[in-house]
Every structure is written in C-alpha cells, then in structure tokens.
Amino acid sequence: PPFGAPNDVPAVASISLFGQQDPSTTLSPGQLENGSPFLLVDEEDRQLVSEYLYVLMSQVQRVFLTESERVGNRKTLEVGLPGIACRHCCRTNRKGLCRLFPARRRSLPSKIKDLHNHLRRCSLCPPDVKETLMKLKDEPADNENLKTFFNSIWARLYSGKVIKP
C-alpha cells in the first residue's frame, strides 16, 4: 500500500463522478464502502516521481467541496467539486485549510507546497511521516514524469478508480 496507508483498502469499488452515491448511504464523501479513505496514489506511481512527492501524495485522500466551504476563494466553486485533503484530518472530519480544491488539472502541482506546509503543522499527522517528508523535501524531482503523475492523480480524482493495496 502507499506509504502510511492502512492495509485494509479494498481492491475494487466504484464511485460515480463527483462521488455521488445512493442517498440512502451514510458514507462520508471520499470514503469507500468499508469506511476506508479514497487514496490517490498507487504503488506504480512510485517509479514516476521522487520519493518525497510519492510520500506527500500518499498522505491525501479524495474529498468533495461542501456548501459550508464555499467562502473566500472557493465561493465560485461548485458544491461536489473533487479535491484533496489531509487524510489524518479527514479521520476526524476536520475541514478548512487541510482541504484543497484545484479547479483545473494544471493547478494541481501548485498545491504541493500548500499540502506540505499543512502536513508539517498538522497535529494529527504522525511524527514519523513529518520526519520522512522533511528528510526527503530537498530530493531532486524527476520532472520528466511529473505530467504523467499529475494526470493520473487528476483522473483518479474524477473517475472514482480505487487504488489497489
């Protein structure tokens, strides 16, 4: 499984576009049927990018913009827009700056610094994850495959494809 991911992520599941599910379900958006987080990185992604970016992106899960979050810069965004969030904060249903909603594929890479800064300060992120990220932060990036990696992340945000453990 991705770095720091639970071992109980299911192998197969399906979520429709924007994560809309049967209204009778009680799942939190961004969760799978067994309550596991909807992760966005796959073990195969590890070969595409630096270890830093792989570990960083393994700390997020898919979430959806709620009406209460449509303030400030998010005011014009549509409710249900997929985004990424700190999976440690998601465990406690925390919202706010730990949730990022890139409106276009090309804005996804610009969220990396915001995500790193959040995890560095997040009281719910395990110390070993923070330490690993700090050690890897200055690792040279493999820019050749970044586009492929971010295209994959973007496709998973919108497709509902579940990552196999």
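Overview of the structure. (Residues numbered from 1 in each chain as written. Predicted model: local features only at pLDDT ≥ 70, side-chain atom pairs only at ≥ 80, totals over all residues. Heavy atoms only, no water.)

Moving on, we come to helix H4 (residues 127–136). Note that an α-helix has 3.6 residues per turn; residues three or four places apart therefore point the same way. Residues of H4 that are buried include every one of Val129, Leu133 and Leu136, and no others. The buried residues of H4 occupy one face: seen down the axis, they fall within an arc of 75 degrees. In H4, the exposed positions that point more than 90 degrees away from the buried face belong to Pro127 and Lys135. Those residues of H4 hidden inside the fold are in contact with helix H1 (51–57) and helix H3 (112–121). (Buried < 20%, exposed > 50% of the residue type's maximum accessible area, 1.4 Å probe, protein only. Helix = DSSP H or I, 4+ residues; strand = E, 2+ residues; numbered from the N terminus. Arc of directions from axis to C-beta. Contact = heavy atoms within 4.5 Å.)

Counting across every chain of the model gives two aromatic pairs. With a centroid separation of 5.3 Å and an interplanar angle of 70 degrees, the aromatic rings of phenylalanine 149 and phenylalanine 150 are classed as edge-to-face. A residue is classified by how much of its surface remains accessible, and phenylalanine 150, at 4% relative accessible area, is buried. Look at tryptophan 154 and tyrosine 158: their rings are 4.8 Å apart centre to centre, the planes differ by 45 degrees, and that puts the pair in the tilted class. (Phe/Tyr/Trp six-rings, centres within 6.5 Å; stacked < 30°, edge-to-face > 60°.)

This brings us to the sheet that holds strand S2 (residues 82–86). A sheet is described by the order of its strands in space; here three strands give the open sequence S1-S2-S3, paired in antiparallel fashion. The open sheet has two free edges, formed respectively by strand S1 (60–64) and strand S3 (99–100), since each of these has just one partner strand. Across two bridges, the pairing between S2 and S3 is antiparallel. Bridging across to S3, alanine 85 finds its partner in arginine 99. (Pairing = 2+ DSSP bridges.)

Our focus in this paragraph is the nonpolar core. Core analysis: the largest hydrophobic core is formed by 39 residues, its most contacted members being Leu53, Leu56, Met57, Ile84 and Phe149. Every element with two or more residues in this core is listed here: H1, S1, S2, helix H2 (87–90), H3, H4 and helix H5 (146–159). Contacts of isoleucine 84, omitting those with residues within four sequence positions, involve Leu40, Met57, Val60, Gln61, Val63, Cys98, Arg99, Leu100, Leu108 and Leu157. (Core = buried A, V, L, I, M, F, W, Y, C linked by side-chain atoms within 4.5 Å.)

All right, on to the state of the cysteines then. Across all of its chains, the model carries zero disulfides by this definition. Not part of a disulfide, cysteine 98 finds its nearest cysteine sulfur in cysteine 89, a span of 3.9 Å. Judged by relative accessible area, which is 4%, cysteine 98 ranks as buried. (Disulfide = S-S within 2.5 Å.)

The residue asparagine 93 is not glycine, and still its phi comes out positive at about 60 degrees. Inspection of the secondary structure assignment puts asparagine 93 in the loop between H2 and S3.

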